[in-house]
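This is what each chain is made of:
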Amino acid sequence: MTTPSQHEEIRQMLSAYLDGELTQAGAQRVRIHLEDCEECRRTYEELARLQEMTRELAFAEPPEARMKELEKSLSVQAPRRLGWLFVMAGIVAWLIYGAILYIRHWRPPTVEEMIGSAIVIGFVLLLASVVVERLRQLPHDRYRRVDK
Ligand SMILES: [Zn+2]
């Protein structure tokens, strides 16, 4: 039989048990007692949950340096993203407009138009390749930022 003072003793060891600071014999004593005693087991589970929550909070809170890094990258990237958006939207609108004109007033293209088209198509392809490259680099950027 366990006496009330033994429960008290076990409960005082629980925190050290959770932290893995007990000796092997001490840890075994706590473990055996927890198997038999529901009341102490409940205390233990509550303590474990509390410790888990504290650990999660510590993880969730980003260090100040990381916050500053994040702010910096946001203030740099937001205007850049907006710039890309405008460029892309403009090009798409222009292509649609050109396609409509082309369909409505079809005639054999002049040399000037063919040269112009070649330049436009080349420019769009270059731009597309840059966009694809940037998209591919995004996850890489993120990892590098976290590692710092
Ligand atoms: Zn107990």
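Structure shown above.
Residues numbered from 1 in each chain as written. Predicted model: local features only at pLDDT ≥ 70, side-chain atom pairs only at ≥ 80, totals over all residues. Heavy atoms only, no water.

### A short note on the nonpolar core
Now for step 1: If you look at the biggest cluster of nonpolar residues, it comprises nine residues: I10, M13, L14, Y17, A27, V30, L34, C37 and C40.
Now for step 2: Put simply, the parts of the chain that give this core at least two residues each are α1 (4–18) and α2 (24–36).
Now for step 3: With four residues, the single largest contributor to this core is α1.
Now for step 4: When residues no more than four places from it in sequence are discounted, the contact partners of A27 are Y17 and L22. (Core = buried A, V, L, I, M, F, W, Y, C linked by side-chain atoms within 4.5 Å. Buried < 20%, exposed > 50% of the residue type's maximum accessible area, 1.4 Å probe, protein only. Helix = DSSP H or I, 4+ residues; strand = E, 2+ residues; numbered from the N terminus. Contact = heavy atoms within 4.5 Å.)

### A closer look at the layout of surface pockets
Now for step 1: Here the largest pocket is characterised by a volume of approximately 570 Å³.
Now for step 2: In terms of lining residues, the largest pocket is bounded by 17 residues, among which G98, A99, Y102, E113 and S117 are the most central.
Now for step 3: Looking at the lining of the largest pocket, the elements with two or more residues in it are α4 (64–104) and α5 (111–147).
Now for step 4: At seven residues, α4 tops the list of elements feeding residues into the lining of the largest pocket.
Now for step 5: Considered class by class, the residues forming the lining of the largest pocket number eleven nonpolar, four polar and two charged. (1 Å grid on protein atoms, 1.4 Å probe; cavity = no way out; pocket = protein on both sides within 12 Å on 5 of 7 lines; lining within 4 Å. Points joined across faces, edges and corners; volume = space filled by probe spheres on them. Nonpolar A, V, L, I, M, F, W, Y, C, P; charged D, E, K, R; others polar.)

### Side note on the coordination of the zinc ion
Octahedral metals with six donors have ideal donor angles of 90 or 180 degrees. Tetrahedral metals with four donors have an ideal donor angle of 109.5 degrees.
Now for step 1: Listed as protein donors to the zinc ion are H7 (ND1), H33 (NE2), C37 (SG) and C40 (SG); their distances from the metal cover 1.9 to 2.3 Å.
Now for step 2: Classification of the site at the zinc ion rests on its four donor atoms, whose angles at the metal span 97 to 121 degrees, yielding the label tetrahedral.
Now for step 3: Sequence spacing of the donor residues for the zinc ion, all on one chain, is H-x25-H-x3-C-x2-C. With a gap of 33 residues between them, H7 in helix α1 and C40 in helix α3 (residues 38–60) connect regions that are remote in the sequence.
Now for step 4: Exposure remark for C40: the relative accessible area of 0% places this residue in the buried category. (Donors = N, O, S within 2.8 Å, 3.2 Å for Na, K, Ca; no water. Tetrahedral: all angles 85-135°; square planar, octahedral: opposite > 155°, others 65-115°.)

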